[in-house]
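The residues making up each chain are set out below.
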Amino acid sequence: MSAAIAPSPADPMLPAPWRVRAVRRETADVATLDLVPLEGDAPRFAPGQFNMLYAFGIGEVPVSVSGDPADPTRFVHTVRAVGAVSTAIVAAAPGSVLGLRGPFGSAWPVDAAEGHDLLIVAGGLGLAPLRPAIYQVLAGSERFGRIAVLYGGRGPAELLFRDELAAWGARADVTVAVTVDHSDPSWHGHVGVVPALIKKMDFDPSNTMALLCGPEVMLRFTATALRGAGVAADHIFLSMERNMKCAIGLCGHCQFGADFVCKDGPVLPYDRIAARLAVREI
Ligand SMILES: Cc1cc2nc3c(=O)[nH]c(=O)nc-3n(C[C@H](O)[C@H](O)[C@H](O)COP(=O)(O)OP(=O)(O)OC[C@H]3O[C@@H](n4cnc5c(N)ncnc54)[C@H](O)[C@@H]3O)c2cc1C
Ligand code: FES
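Small disclaimer: the values here were computed from a predicted structure and weren't measured. (Residues numbered from 1 in each chain as written. Chains lettered and ligands numbered in written order. Predicted model: local features only at pLDDT ≥ 70, side-chain atom pairs only at ≥ 80, totals over all residues. Heavy atoms only, no water.)

1. A word on the sheet that holds strand 7 (residues 117-123)
Neighbouring strands of a sheet are bound in pairs by backbone hydrogen bonds; such pairs are parallel or else antiparallel.
Argument step 1. Read across the open sheet, the 7 strands follow the order 10-9-8-7-11-12-15; overall the sheet is mixed. Among the strands making up the open sheet, the edge pair consists of strand 10 (190-191) and strand 15 (267-269).
Argument step 2. In this sheet, strand 8 (residues 147-153) lies alongside strand 7 in parallel orientation, the contact comprising 6 bridges. Opposite Leu-118, over in strand 8, you have Ile-147 as the bridge partner.
Argument step 3. Relative to the sheet, helix 5 (residues 216-229) contacts strand 7, strand 11 (208-213) and strand 12 (236-239), its axis offset from that of strand 11 by approximately 170°. (Pairing = 2+ DSSP bridges. Helix = DSSP H or I, 4+ residues; strand = E, 2+ residues; numbered from the N terminus. Contact = heavy atoms within 4.5 Å. Axes fitted to C-alpha atoms, helices over the stretch in contact; angles between N-to-C directions.)

As structure tokens, then:
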């Protein structure tokens, strides 16, 4: 499994100031922000890790890194406005400053997936935490077997990174399949839920790794479909979300059974969490 990269040894609870260099509007309520440090270099991160982003005077929330791990100049984050803090982050103008601490958490097992067929399955905003893994995999695709990116959104207007999906889909070394729950006249693609795409893929279940990120109900159904297709439970990895405060394993806010999602996760193997994932209250 890829080793996670630890946050700076300086106080991990202290946000550093980062400038918003650019903002791209992705959908009606989602924006991608490029952040550069006011001082020093951007720390390295591993695909799957997250930062705590602080909107001054409002609050701090966990947000996965969505940029290219090979680019050491910035952190890229893709955020949906759902409440006070995320709305303030999505509204941040170029030139403004946010607090940032991290990176935290575990990583997608990209290195361990070498030599395997690889299914990367995202639902909704879940494509953002998977995008760094996709960049890394596609930069060395010859090290993997068949590679597929399966992506589902509520509707065409909610799909993220459509230009990149098209560019990836045009490559010979990756299959991209996109589906929407609800179509509109602009959509000529697949309609249905993302686990239904798994049946259409050509992969060797005895030698497949799967990386999953999206709403919890999508994770449950996708993991069940993969198990049904014969993929081993310890070859399926999911990124979990829980409310967080400290992000360093101290406060217990993110506890998920025996695991702290901030420290043991967010990327966790399905065999470790399958029983807990079936219990909605956890
Ligand atoms: C490891 C991790 C990575 C994340 N990565 C991203 C990302 O890349 N992009 C992104 O937009 N968001 C991401 N989130 C979710 C993000 O942290 C929440 O949307 C944010 O905390 C909401 O805060 P708020 O103050 O804006 O809204 P609040 O007022 O706190 O909440 C608004 C709504 O969002 C729900 N909510 C709040 N926090 C979470 C959470 N952690 N998980 C699920 N639902 C939540 C609440 O139940 C409520 O319905 C991530 C969360 C975690 C734990
Ligand atoms: S957020 Fe404090 S223990 Fe995980």
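More follows now that the structure is in view.
2. Quick word on the pattern of salt bridges
Argument step 1. Overall, the coordinates contain 13 salt bridges when judged by the stated rule.
Argument step 2. Here Arg-24 and Asp-34 are joined by a salt bridge, their closest N and O atoms 3.2 Å apart. Of the two residues, Arg-24 sits in strand 1 (residues 16-27) while Asp-34 sits in strand 2 (residues 30-37), which places them 10 residues apart along the sequence.
Argument step 3. Residue Arg-24 is classed as partly exposed on the basis of its relative accessible area of 36%.
Argument step 4. A salt bridge links Arg-171 to Asp-173; its shortest N-O distance comes to 2.7 Å.
Argument step 5. Overall, Asp-173 belongs to the partly exposed group, its relative accessible area being 27%.
Argument step 6. Residues joined by salt bridges that share partners form a network here, namely Arg-24, Asp-34, Asp-71 and Arg-74. (Salt bridge = Lys/Arg side-chain N within 4 Å of Asp/Glu carboxyl O. Buried < 20%, exposed > 50% of the residue type's maximum accessible area, 1.4 Å probe, protein only.)

3. Focus: the site of ligand 1
Argument step 1. The local shell around ligand 1 holds 19 residues, among which Pro-62, Thr-78, Arg-80, Ser-86 and Asn-243 are the closest.
Argument step 2. Contacts to ligand 1 include Pro-62, whose backbone N or O atom sits 2.6 Å from an oxygen atom.
Argument step 3. In this structure, an oxygen atom belonging to ligand 1 sits 3.3 Å away from a main-chain N or O atom of Gly-83.
Argument step 4. Protein contacts shield 69% of the accessible area of ligand 1, which totals 860 Å² for the unbound molecule.
Argument step 5. Residue assignment for the shell around ligand 1 shows that the elements contributing at least two residues are strand 4 (59-64), strand 5 (75-80) and helix 1 (84-90).
Argument step 6. If one sorts the elements of the shell around ligand 1 by residue count, strand 4 sits on top with 4 residues. (Near = heavy atom within 4 Å. Polar contact = N/O pair within 3.5 Å; in protein donor to acceptor, adjacent residues only side chain to side chain. Areas by Shrake-Rupley, 256 points an atom, 1.4 Å probe, with all protein chains shown as cover.)

4. Notes on the pairing of strand 8
Argument step 1. With 7 of 7 residues buried, strand 8 lies mostly within the body of the structure.
Argument step 2. Burial of the side chains of strand 8 extends over both faces: Ile-147, Val-149, Tyr-151 and Gly-153 are buried on one face and Ala-148, Leu-150 and Gly-152 on the other.
Argument step 3. As a crossover connection, the stretch from strand 7 through helix 2 (residues 127-139) into strand 8 is right-handed.
Argument step 4. Direction of pairing for strand 8 relative to strand 9 (residues 175-180): parallel, over a ladder of 6 bridges. Looking at the pairing, Gly-153 lines up with Val-180 of strand 9. (Right-handed = clockwise from strand over helix to strand, strands pointing away.)

5. Describing helix 6 (residues 270-277)
Argument step 1. For helix 6, every residue scored as buried is listed here: Tyr-270, Ile-273, Arg-276 and Leu-277. When helix 6 is viewed along its axis, its buried side chains cluster within an angular range of 125° and face the same direction. (Arc of directions from axis to C-beta.)

6. Describing the side chain of Arg-220
Argument step 1. By the element assignment, Arg-220 lies in helix 5.
Argument step 2. Buried and unpaired, Arg-220 has no salt bridge, with Glu-216 as the nearest side chain of opposite charge at 4.4 Å. (Lys, Arg positive; Asp, Glu negative; His and termini not counted.)

7. Quick word on the domain arrangement of the protein chain
Argument step 1. Domain assignment breaks the protein chain into domain 1 (16-104) and domain 2 (117-277).
Argument step 2. Counting the surface lost from both domain 1 and domain 2, the interface buries some 1700 Å², and carbon and sulfur atoms represent 63% of this.
Argument step 3. Linking domain 1 to domain 2 there are 0 salt bridges.
Argument step 4. The interface formed by domain 1 and domain 2 holds 3 residue pairs in polar contact (both at pLDDT 80 or more) in total.
Argument step 5. For the side of domain 1 that touches domain 2, the secondary-structure elements that each account for two or more residues are strand 1, strand 2, strand 3 (50-55), strand 4, strand 5 and strand 6 (97-104).
Argument step 6. Partitioned by chemical class, the residues of the side of domain 1 that touches domain 2 number 10 nonpolar, 7 polar and 5 charged. (Domains from an automatic or database assignment. Buried area = accessible area lost by both parts, 1.4 Å probe. Nonpolar A, V, L, I, M, F, W, Y, C, P; charged D, E, K, R; others polar.)

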